[in-house]
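Structural description and commentary
In case you want the letters, here they are:
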Amino acid sequence: MASAAAKAPSRSEVFSLFRSLLRTARDFSDYNMREYMKRRTIDAFRSNGGLSDPQSVSAAYADGKLQLEVAKRQAIVYSLYAPKVKSVMELKRLKSSFLFME
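A quick note: this is a predicted structure, and the numbers were derived from the prediction, not measured. (Residues numbered from 1 in each chain as written. Predicted model: local features only at pLDDT ≥ 70, side-chain atom pairs only at ≥ 80, totals over all residues. Heavy atoms only, no water.)

**Considerations on the overall build of the protein**
A tally of helices and strands in the protein yields five helices and zero strands. Each helix and strand of the protein, placed in order from N terminus to C terminus, yields the pattern α-α-α-α-α. Split into buried and exposed, the 102 residues of the protein put 21% on the buried side. Contacts in the protein between residues far apart in sequence, at least 24 positions, make up 78% of those at least 6 positions apart. Counting every atom, the protein has about 7,800 Å² of accessible surface; 60% of that belongs to carbon and sulfur. (Helix = DSSP H or I, 4+ residues; strand = E, 2+ residues; numbered from the N terminus. Buried < 20%, exposed > 50% of the residue type's maximum accessible area, 1.4 Å probe, protein only. Contact = heavy atoms within 4.5 Å. Areas by Shrake-Rupley, 256 points an atom, 1.4 Å probe, with all protein chains shown as cover.)

Structure (structure tokens):
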């Protein structure tokens, strides 16, 4: 049983977790929270990219799965209390994408 817990996740499982975290970040209606989640996800994966010990990789993966569940719950809560007005950054992005379409 201890060997099952120490078994490191496959590369595809790790990339799947990474993509899931980034997709969950898109679910946040608030620009600041969305960008924070993306930045935190990328930073965490970069800092854990050098792990080679199967136990530490497995522990980091398990922590990432827990963070994914927390992020999903938080996205739901934040959507319930979404701001009525877009932030300046979102308006700027919308304007630049609109100008790009012309």
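The discussion continues.
**Structural notes on a nonpolar patch on the surface**
On the surface, Ile76, Val77, Tyr78, Leu80 and Tyr81 cluster together into a nonpolar patch covering about 560 Å² of accessible area. Inspection of the secondary structure puts Val77 in helix 4 (residues 54–80). Taking the relative accessible area as the measure of exposure, Val77 reaches 38% and is therefore partly exposed. (Patch = residues over 30% accessible without salt bridge, like charges linked within 9 Å, V, L, I, M, F, W, Y side chains within 5 Å. Salt bridge = Lys/Arg side-chain N within 4 Å of Asp/Glu carboxyl O.)

**Concerning the side chain of Arg34**
Here Arg34 shows up in helix 3 (residues 31–47). Among the polar contacts listed, one links the side chain of Arg34 to the backbone oxygen of Phe28, at a separation of 2.7 Å. (Polar contact = N/O pair within 3.5 Å; in protein donor to acceptor, adjacent residues only side chain to side chain.)

**Considerations on the pattern of salt bridges**
Using the criterion set out here, one finds one salt bridge in the structure. A salt bridge links Lys38 to Glu35; the shortest N-O distance between them is 2.9 Å. Placement of the pair is Lys38 and Glu35 together in helix 3, with a separation of three residues, close to one helical turn. A relative accessible area of 30% means that Lys38 is categorised as partly exposed.

**Some remarks on the nonpolar core**
In terms of nonpolar packing, the biggest core is built from six residues, these being Ala25, Phe28, Met33, Met37, Ala71 and Ala75. Leave out the neighbours within four places in its chain, and Met33 touches Phe28 and Tyr78. (Core = buried A, V, L, I, M, F, W, Y, C linked by side-chain atoms within 4.5 Å.)

**Some remarks on helix 2 (residues 11–26)**
Spanning 16 residues, helix 2 covers 23 Å between terminal C-alpha atoms, matching the ideal 22 Å at 1.5 Å per step. Every buried residue of helix 2 is listed here: Leu17, Ser20, Leu21, Thr24 and Ala25. Looking straight down helix 2, one finds its buried side chains confined to an arc of 140 degrees; they lie on one side. The outward face of helix 2, more than 90 degrees from its buried face, is lined by the exposed residues Arg11, Ser12 and Arg26. (Expected span 1.5 Å × (residues − 1). Arc of directions from axis to C-beta.)

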